[in-house]
Amino acid sequence: MHDLCDQLTRQLGLLGDDGTDSPAYALMRGLVRRHVCRATAGGVSPRGFQFVIARSSGYDEREEPEYVYLSRFEPL
């Protein structure tokens with residue numbers, strides 16, 4: 001997961017690329033989609049989902065997480 005997040009955030013640094021065409025984005029989208037579908041099986045299905053990549057200071061709760069990337073809305 002760490003390598004996948006690293007690859008996606010590196011893609012963001014390329015000349016205005018939002019990363020959505022990258023293999024890393026496709027893999028992350030697929031993983032999150034699968035989790036959402038399994039978590040909502042047999043219940044009300046959501047219209048879609050988004051995911052966020054964040055950096056955390058770990059156990060130091062005095063520091064808020066830094067949100068690095070928020071995906072676009074992905075319909076189901």
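Residues numbered from 1 in each chain as written. Predicted model: local features only at pLDDT ≥ 70, side-chain atom pairs only at ≥ 80, totals over all residues. Heavy atoms only, no water.

A.B. asks: Help me understand the overall build of the protein in this model?
C.D. replies: Each helix and strand in the protein was counted, giving two helices and four strands. In the protein, the order of α-helices and β-strands from amino to carboxyl end is α-α-β-β-β-β. Taking the principal axes of its C-alpha atoms as reference, the protein extends roughly 35 × 35 × 20 Å. When each of the 76 residues of the protein is scored for burial, the buried share is 25%. For the protein, restricting intrachain contacts to residue pairs at least 6 apart in sequence, the fraction spanning at least 24 positions comes to 46%. For the protein, the computed accessible surface area is about 5800 Å², with 53% contributed by carbon and sulfur atoms. (Helix = DSSP H or I, 4+ residues; strand = E, 2+ residues; numbered from the N terminus. Buried < 20%, exposed > 50% of the residue type's maximum accessible area, 1.4 Å probe, protein only. Contact = heavy atoms within 4.5 Å. Areas by Shrake-Rupley, 256 points an atom, 1.4 Å probe, with all protein chains shown as cover.)

A.B. asks: So what exactly am I meant to see when it comes to helix 1 (residues 2-12) here?
C.D. replies: Each α-helix turn comprises 3.6 residues. Residues three or four places apart therefore point the same way. Along helix 1, the positions that sit buried rather than exposed are Leu4, Cys5, Leu8 and Gln11. The buried residues of helix 1 occupy an angular sector of 125° when projected down its axis, which confines them to one face. Turned more than 90 degrees away from the buried face of helix 1, the exposed residues are His2, Asp3 and Arg10. In this fold, the buried residues of helix 1 make contact with helix 2 (23-39), strand 2 (52-55) and strand 3 (66-70). (Arc of directions from axis to C-beta.)

A.B. asks: Got a minute to help me understand a nonpolar patch on the surface in this structure?
C.D. replies: Side chains of Met1, Leu27 and Leu31 sit close together on the surface and give an oily, nonpolar patch of about 300 Å² of accessible area. In this fold, Leu27 is placed in helix 2. Since its relative accessible area comes to 48%, Leu27 is described here as partly exposed. (Patch = residues over 30% accessible without salt bridge, like charges linked within 9 Å, V, L, I, M, F, W, Y side chains within 5 Å. Salt bridge = Lys/Arg side-chain N within 4 Å of Asp/Glu carboxyl O.)

A.B. asks: For this particular structure, what's the right way to read the layout of surface pockets?
C.D. replies: Any empty space left between the atoms is revealed when a probe the size of a water molecule rolls over them. Considering only enclosed or pocket space, the largest pocket measures out at about 180 Å³ in volume. Residue lining of the largest pocket: His2, Cys5, Asp6, Thr9, Ile53, Ala54, Arg55 and Val68, and that is the complete set. Among the elements of the structure, helix 1 and strand 2 are those that each provide at least two residues to the lining of the largest pocket. The dominant element in the lining of the largest pocket, judged by the number of residues it contributes, is helix 1, at four residues. (1 Å grid on protein atoms, 1.4 Å probe; cavity = no way out; pocket = protein on both sides within 12 Å on 5 of 7 lines; lining within 4 Å. Points joined across faces, edges and corners; volume = space filled by probe spheres on them.)

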